[in-house]
Number of protein chains: 2
Amino acid sequence: MALIVQKFGGSSVANAERVRNVAKIVSDTYKAGNDVVVVVSAQGDTTDDLIEKAAEINENAPKRELDQLLAAGEQISISLLAMAIESMGFPVISLLGWQAGFNTNSVYGAARIKNIKPNRLQAELAKHNIVVVAGFQGINRYDDLTTLGRGGSDTSAVAIAAALHADKCQIFTDVEGVYTADPRKVEGAQKLKEITYDEMLELATLGAQVLNNRSVEMAKKYEVELEVLSSLNPVPGTIVKEVANMEKMLIRGVTQDKDVALVSILGVQDNPGVAFKIFSKLSQKNINVDIILQSFGRNGTKDIVFSVNKDNGPVAVELLEGLGFLGGAKIVCDTSVAKVSIVGAGMESHPGTATKMFEALFDRGINIKMISTSEIKISVIIDAEEADRAVTAIHKAFIPND
Amino acid sequence: MALIVQKFGGSSVANAERVRNVAKIVSDTYKAGNDVVVVVSAQGDTTDDLIEKAAEINENAPKRELDQLLAAGEQISISLLAMAIESMGFPVISLLGWQAGFNTNSVYGAARIKNIKPNRLQAELAKHNIVVVAGFQGINRYDDLTTLGRGGSDTSAVAIAAALHADKCQIFTDVEGVYTADPRKVEGAQKLKEITYDEMLELATLGAQVLNNRSVEMAKKYEVELEVLSSLNPVPGTIVKEVANMEKMLIRGVTQDKDVALVSILGVQDNPGVAFKIFSKLSQKNINVDIILQSFGRNGTKDIVFSVNKDNGPVAVELLEGLGFLGGAKIVCDTSVAKVSIVGAGMESHPGTATKMFEALFDRGINIKMISTSEIKISVIIDAEEADRAVTAIHKAFIPND
C-alpha cells in the first residue's frame, strides 16, 4: 500500500470514453490498496477554445481575467472524472486548485507555486476518498485565481507528491515512456527503464517534450520519484529518479530541437567589455542565450555568434541594431538551424564520446556550425534540413539496434 | 450618483457580440457616475451543455460534483464580460461566487444563500472598479462550491443589492418589462410602469416567468427596488416596489399556467380526518397542493379534487392508490387543464371583480372547473385548450385597449 499521485493530460480526458478510461486506471490503483490523488488538465482543446473566446472579445485581455477564464477548464475535467469514478463505485471528491491548497505568487499566466497547504487533501485521503485535483491552477494572496502556464499540471502533480510525501508520481502521457530518440523518426529508438533527473532535464530542454521542465526540477529538489507512462497501453514506463540504473548504455538519448535561431554579429570592434554589454542588454530583455561562439580578434574586429529561441532571433537583431557601440558590425539571423544533442550521465567518463558523435556526422557529410558541451550532454548546431539524418546517424553510432 | 446592481441572463451574454452589448450597458451606467455591480449567468446553453456532458458519464452524478461542474459556466461568462468592459477602457474585476462572499447552505443544486460577506465587493467598489459577479453560485461551510438552482442569478443579484444597500437592482431580460398579459398572445397587452412585490410574486408563481420567485421574496424582505427591463431595447422597464402607483388599473395582469394537473378522488368514505390524512401524505412526499375542492357528502361518500404541478399528477395518483383507507374510491388525473388568473392589489376593494371575470368566461362558453381566490388574485382551472381564449377575453374585460 502506497500513496500514489497520478497525472493525466488533456488528451487523456478529451471525451467521455477517455474519461472513463482514466477512471478505470485510477480505480484499479485504488483497488490495489493505494491512496490515490489524481491531477488532471483541461479536456482536449478546452484551453485553446477558451483562449479563442477571449481573443474574440479582447485581444489584449487582462491576464487576471484570462486566468479566471482558463481555470474553468480543469474545473470541468475534475468534476467529470469524479463522476466517472463514482459511477464505478469508488469514493471520490474533486478539488479545485485553491481547495487543494495551492498557493502561488501573482504572476498571472505563469504563476509559481509558493506552497501547498495539504490539510484538505489529507482530510479527504483520511476519509479514503480518491482525490481528483485540478492541475495548472492555484490562488494568490488576494484570493484571485492564477494559472501555472502551459504544462503546469505536471508541476501541480509533483508539488502534491512532494507536499504529501507520496511514494510515486506517475505522469500519464500518450507515449509509453522516455525514448533514446523520437520513435516515430528513428528506427531502433528504445524505451529507457530509468533515467536521472538531470538527464531528464536535459532531454526536456532539448525538445523531448515528455515532461515539463519545472516539474522535473521540482521532483529533483524534493526527491519525488517520477514515472512516465502511457494512459492507453498499460505497460511499465520510464522511472525518473536520483540514481538511475546505468544499464549498458553510454548515452540516454538523442534529441533535436528546431526552435533555434543563430544570430551573428560580424566585425565587432575588438574592445574589452563588448561581449558583456551585448549579453547584458539581451538578458535585460529576457532573451536567453544558449550557445555562444566568439572568434579570435583579427584586424581589430571579431565575430560573435550565439543561439536563442527562434522567436527571439528577430527581437535580438532589432535590439542589437539599436546599440551604438556595435557601429559598423553586420548583424544577421539564421532561423533554418537545429540543435542536435546527446544526453547521458555516462558520457562524462568517456572522453571519446564527442569524437564519436562528430565522426557520425562527418561520415554523412553534415557540417557542424557550433558545439556546446556540459557534463551530461553534447549539442551541435547544424542545418535544420539535416536534423533528422543527424539524429538517426548519431543514434545508430551510440545505441545498437536490438 | 447611485449604487446600481445589474443582472443579465444567459441569453444576454450568449456570444461575443452580446457580451459587448452588455459591456456597453454596464459602461454607460458607470460613465453616468454610478457604482456598478453586474451579476451574470452562464452563457446561452452552457449550463445545459455541461449537464449533458455529465449525463454522458454518470446519469446519477453526485450533486456536489454537478455543482462543481456547473459553476464553471459563470466563471467563463464573468471573465469574458470583464474582458469586454476592459476593452472599452473601464476599470473592472470579475469575482466568482465565493470571491464575492456568497455563503450558502449545503443543499447542492438548490442551495440557499446564508449571507454575503461584502468586504471584497466593497473593496473593489472603493477602487472604482466595475465588479462583475458570477450569479447562481456560492460556497458552503466546507469550502465546496454550491449552486442556487435555476433562476438563481436573479436571487444573487438581489442578495448583493440587499447586502450593499444598493439604490436599485436592474434585472435585464429579453422582454421590456412586466405585461398585463403575454404580449405575443394577447392583443392590447400593456407594459406596467410599476407593480408591488406581492403582485409580482403572484404573477411569477402563475407563470409570467419574468423574475425568479425567490428573488422577489428576497427583494420584498430587504426592500430592494427592482426594475425589469430589456437588454436589447433601452427603454424604461417595470419597477417592482413596496407601494406601486396604482394608475387606473384594477388588475395588473392576466396569466395562464399549463403546468397543472387535476387529481380527483371520487367516492371517498365520508369519515372525519380523511382529507387531513390525504394531504399530509402528499406533503410528506413534497407534493405541493394548490387548489382543493371538496364536495358535500352524499350517501356516506364525497369527492375530493385538487390541483398540483403537472409532473406531480401521476406521482400523487400512485401514492393515493397505495392508501388503504381510500378503499373503493376512484382516482383519476387530468393533465389537460390550465390555470388562468388575474392579479392586482386593487381588486380586493372591488367585490365585482370575480363576477366580471366569470362573466367574461361565461360569454365565451368556457367552463370553470375550480376557483381559488386570495386578496390579490383570482384563479380558475379550465380546459387547457381554452386557456388562450380565456386570457384574451378576461384581458379585454379588465384592461381597455388603448
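Scroll up for the structure.
Undergrad: Tell me what's going on with the overall build of chain A, and back it up with residues and numbers.
TA: Counting its regular elements, chain A contains 11 helices and 18 strands. Here the C-alpha radius of gyration of chain A, 23 Å, is about what a compact globule of 402 residues would show, namely 21 Å. Residues counted as buried form 56% of the 402 residues belonging to chain A. Pairs at least 24 apart in sequence give 74% of the contacts found in chain A among residues at least 6 apart. Counting only carbon and sulfur atoms, one obtains 48% of the accessible surface of chain A, whose full area is about 17600 Å². Side-chain charges in chain A split into 41 positive and 50 negative, and the spacing between the mean points of these groups amounts to 2 Å.

Undergrad: A description of the packing of helix 2 (residues 46-57) of chain A against helix 3 (residues 63-87) of chain B should follow, citing residues and the corresponding values.
TA: In the contact formed by helix 2 of chain A and helix 3 of chain B, the axes pass within 9 Å of each other and the chain directions differ by 30°. Classified by the interaxial angle, the pair formed by helix 2 of chain A and helix 3 of chain B is roughly parallel. Taken as a pair, helix 2 of chain A and helix 3 of chain B cross one another with a handedness that is right-handed. Side by side, helix 2 of chain A and helix 3 of chain B meet where A:Leu50, A:Lys53, A:Ala54 and A:Ile57 of the first sit next to B:Ile76, B:Leu80, B:Met83, B:Ala84 and B:Ser87 of the second. Partitioned by chemical class, the residues of the contact of helix 2 of chain A with helix 3 of chain B number 7 nonpolar, 1 polar and 1 charged.

Undergrad: Describe the relation of the copies chain B and chain A, listing the residues and the values that go with them.
TA: By a simple turn and slide, chain B fits onto chain A: the slide is 0.0 Å along the axis, the RMSD is 0.1 Å, and the turn is 180°. On this basis, the relationship between the two copies can be described by a two-fold rotation axis. For chain B, the smallest separation between a C-alpha atom and the rotation axis is recorded for B:Ala72, amounting to 2.5 Å. In this assembly the copies share their binding face: 100% of the residues contributing to the interface of chain B also contribute to that of chain A.

Undergrad: Pulling in residues and values, what's your account of unusual backbone geometry?
TA: All names here are of chain B. In this structure, Phe136 takes a positive phi of about 80° despite not being glycine. Along the chain, the position of Phe136 falls in the loop between strand 6 (130-134) and strand 7 (137-139). Look at Asp143: it is not a glycine, yet its phi comes out positive at around 70°. Structurally, the position occupied by Asp143 is in the loop between strand 7 and strand 8 (145-147). Taking relative accessible area as the criterion, Asp143 reaches 39% and is therefore assigned partly exposed.

Undergrad: Let's hear about the pattern of salt bridges: which residues, and what values?
TA: One pass over the full model with this rule turns up 40 salt bridges over all chains. Across the salt bridge formed by B:Arg120 and A:Asp144, the nearest N and O atoms sit 2.8 Å from each other. In this pair, B:Arg120 sits in helix 4 (residues 119-126) while A:Asp144 sits in the loop between strand 7 (137-139) and strand 8 (145-147), so the two residues belong to two different chains. On the accessibility criterion, B:Arg120 (16% relative accessible area) is buried. Under the relative-accessibility criterion, A:Asp144 is labelled buried at 5%. Across the salt bridge formed by B:Asp144 and B:Arg64, the nearest N and O atoms sit 3.0 Å from each other. Note that B:Asp144 is positioned in the loop between strand 7 and strand 8 and B:Arg64 in helix 3, a separation of 80 residues in sequence. Each of the two residues, B:Asp144 as well as B:Arg64, counts as buried. A cluster of three or more residues bridged by salt bridges with shared partners is formed by A:Arg64, A:Glu65, A:Asp144, B:Arg120, B:Glu124 and B:Lys127.

Undergrad: Quick rundown of the interface of chain B and chain A? Include the residues and the values.
TA: Each partner contributes residues to the interface: chain B has 43 residues there, and chain A has 43 residues. Across the chain B to chain A interface the summed buried area is about 3300 Å²; carbon plus sulfur atoms make up 59%. Counting every contact that joins chain B to chain A gives 2 salt bridges. Seen at the junction of chain B and chain A, the total is 24 residue pairs in polar contact (both at pLDDT 80 or more). Elements with a contribution of two residues or more to the side of chain B that touches chain A: helix 1 (16-31), helix 2 (46-57), helix 3 and strand 3 (92-95) of chain B. The residue makeup of the side of chain B that touches chain A, split by class, is 25 nonpolar, 9 polar and 9 charged.

Undergrad: Can you tell me about the packing of aromatic side chains, naming the residues and giving the values?
TA: A ring pair, where both rings are aromatic, is described by two values, the distance of the centres and the angle of the planes. Counted according to the given criterion, the structure contains 7 aromatic pairs over all chains. Each ring, one from B:Phe8 and one from B:Phe172, has its centre 4.4 Å from the other, and the planes form 15°; the classification is stacked. Of this pair, B:Phe8 sits in strand 1 (residues 3-8) while B:Phe172 sits in strand 9 (residues 168-173), placing them 164 residues apart in sequence. Sitting over the ring of A:Phe325, A:Lys277 keeps its end group 5.0 Å from the ring centre.

Undergrad: Just give me the short version of the pairing of strand 2 (residues 35-40) of chain A, but keep the residues and values in it.
TA: All names here are of chain A. Within strand 2, 5 of the 6 residues are buried, which leaves the element mostly enclosed by the surrounding structure. Where strand 1 (residues 3-8) and strand 2 come together, 6 bridges link them in parallel fashion. Each bridged residue has a counterpart across the sheet, and for Ile4 the counterpart in strand 2 is Val36. For the handedness criterion, the β-α-β arrangement of strand 1, helix 1 (residues 16-31) and strand 2 is classed as right-handed. Two elements, strand 2 and strand 6 (residues 130-134), share 4 bridges in a ladder whose sense is parallel. The residue of strand 6 that forms the bridge with Val40 is Ala134.

Undergrad: So what's going on with the nonpolar core? Which residues, and what values?
TA: For soluble globular proteins, the rule of thumb is that nonpolar side chains tend to be buried together. Membership of the largest hydrophobic core comes to 80 residues, with the highest contact counts inside it found for A:Leu81, A:Ile85, B:Leu81 and B:Ile85. Setting aside residues up to four positions removed in sequence, B:Ile85 forms contacts with B:Ala23, B:Val26, B:Ser27, B:Phe90, B:Val92, B:Ile130 and B:Val132.

Undergrad: Help me get a handle on helix 10 (residues 353-363) of chain B, residues and values and all.
TA: Residue and element names in this part refer to chain B. Here helix 10 has its buried residues at Thr353, Ala354, Met357, Ala360 and Leu361. All buried residues of helix 10 fall inside an arc of 130° around its axis, so they share one side. Seen from the open side of helix 10, the exposed residues pointing more than 90 degrees away from its buried face are Thr355, Phe362 and Asp363. On its buried face, helix 10 is in contact with strand 18 (337-343), strand 20 (377-383) and helix 11 (387-398). Downstream of helix 10 by a residue or two, Gly365 has a phi angle that is positive, lying close to 70°.

Undergrad: Please set out the sheet that holds strand 12 (residues 238-241) of chain B residue by residue, giving values where relevant.
TA: Residue and element names in this part refer to chain B. If you walk across this open sheet you meet the 8 strands as 3-6-2-1-9-11-12-10, and the pairing is mixed. One side of each edge strand has no neighbouring strand; the edge strands of this open sheet are strand 3 and strand 10 (194-196). The average angle at which neighbouring strand axes cross in this sheet is 20°, direction not considered. Pairing analysis gives 3 bridges linking strand 10 to strand 12, with the strands arranged parallel. Along strand 12, the bridge assignment pairs Glu194 with Ile239. Against the sheet, helix 4 contacts strand 1, strand 2 (35-40), strand 3 and strand 6, and its axis sits at roughly 170° relative to strand 3.

Rules used in this analysis
- Sequence order as written defines the numbering, with residues in each chain counted from 1.
- Note on labels: chains are lettered from A, ligands numbered from 1, in written order.
- The predicted origin of the model limits local features to residues at a pLDDT of at least 70 and limits the giving and counting of side-chain atom pairs to 80 or more, whereas totals for whole chains, interfaces and linings rest on all residues.
- Each side-chain value is derived from all of the structure's non-hydrogen atoms; neither hydrogens nor water enter the calculation.
- The way it works is that DSSP assigns letters per residue, a run of H or I at least four long becomes a helix, a run of E at least two long becomes a strand, and they are numbered from the N terminus.
- Our radius of gyration looks at C-alpha atoms and nothing else; its globule reference is 2.2 Å times the residue count to the power 0.38.
- Partly exposed describes any residue whose relative accessible area lies between the buried limit of under 20% and the exposed limit of over 50%, with all areas from a 1.4 Å probe on protein chains only and scaled to the type maximum.
- Working rule for contacts: check all heavy atoms of both residues, and any pair within 4.5 Å makes them a contact.
- We get accessible surface area from the Shrake-Rupley algorithm with a probe of 1.4 Å; when it comes to residues, only the shown protein chains can shield them.
- This count recognises Lys and Arg as positive and Asp and Glu as negative, with His and chain-terminal groups excluded.
- Every charge is mapped to an atom, namely NZ of Lys, CZ of Arg, CG of Asp or CD of Glu.
- Axis lines are fitted through C-alpha atoms, for helices just across the contact stretch, and the angle between N-to-C directions can take any value from 0 to 180 degrees.
- Angles are sorted into four bins: roughly parallel if under 35 degrees, roughly antiparallel if over 145, roughly perpendicular if 65 to 115, and oblique for all others.
- Should the near helix be turned counterclockwise from the far one by less than a right angle, the crossing is left-handed, whereas a clockwise turn marks it as right-handed.
- Just so you know the grouping, Ala, Val, Leu, Ile, Met, Phe, Trp, Tyr, Cys and Pro go in nonpolar, Asp, Glu, Lys and Arg go in charged, and all remaining residues, Gly too, go in polar.
- Superposition of the copies used a least-squares fit over C-alpha atoms from residues whose pLDDT is at least 70 in both.
- Salt bridges are defined as contacts in which a side-chain nitrogen from Lys or Arg sits within 4 Å of a carboxyl oxygen from Asp or Glu.
- Buried area, as used here, totals the accessible surface that two parts lose on assembly, with accessibility defined by a 1.4 Å probe and the loss added over both.
- N or O atoms within 3.5 Å of each other form a polar contact, as long as, within protein, one can give a hydrogen and the other can take it, and as long as residues adjacent in sequence are counted only when both atoms are side-chain atoms.
- Pairing of aromatic side chains here covers Phe, Tyr and the six-membered ring of Trp, requires ring centres within 6.5 Å, and sorts the geometry by plane angle: under 30 degrees stacked, over 60 edge-to-face, intermediate tilted.
- By definition here, charges over rings are those cases where NZ of Lys or CZ of Arg is within 6 Å of the ring centre and within 35 degrees of the ring normal.
- Between any two strands, pairing holds if DSSP finds at least two bridges.
- Handedness rule for crossovers: strands pointing away from the viewer, path from the first strand over the helix to the second running clockwise, crossover right-handed.
- By nonpolar core is meant a set of buried Ala, Val, Leu, Ile, Met, Phe, Trp, Tyr and Cys residues that side-chain atoms within 4.5 Å join together.
- The arc in question is the one traced by the directions running from the helix axis out to the C-beta atoms.

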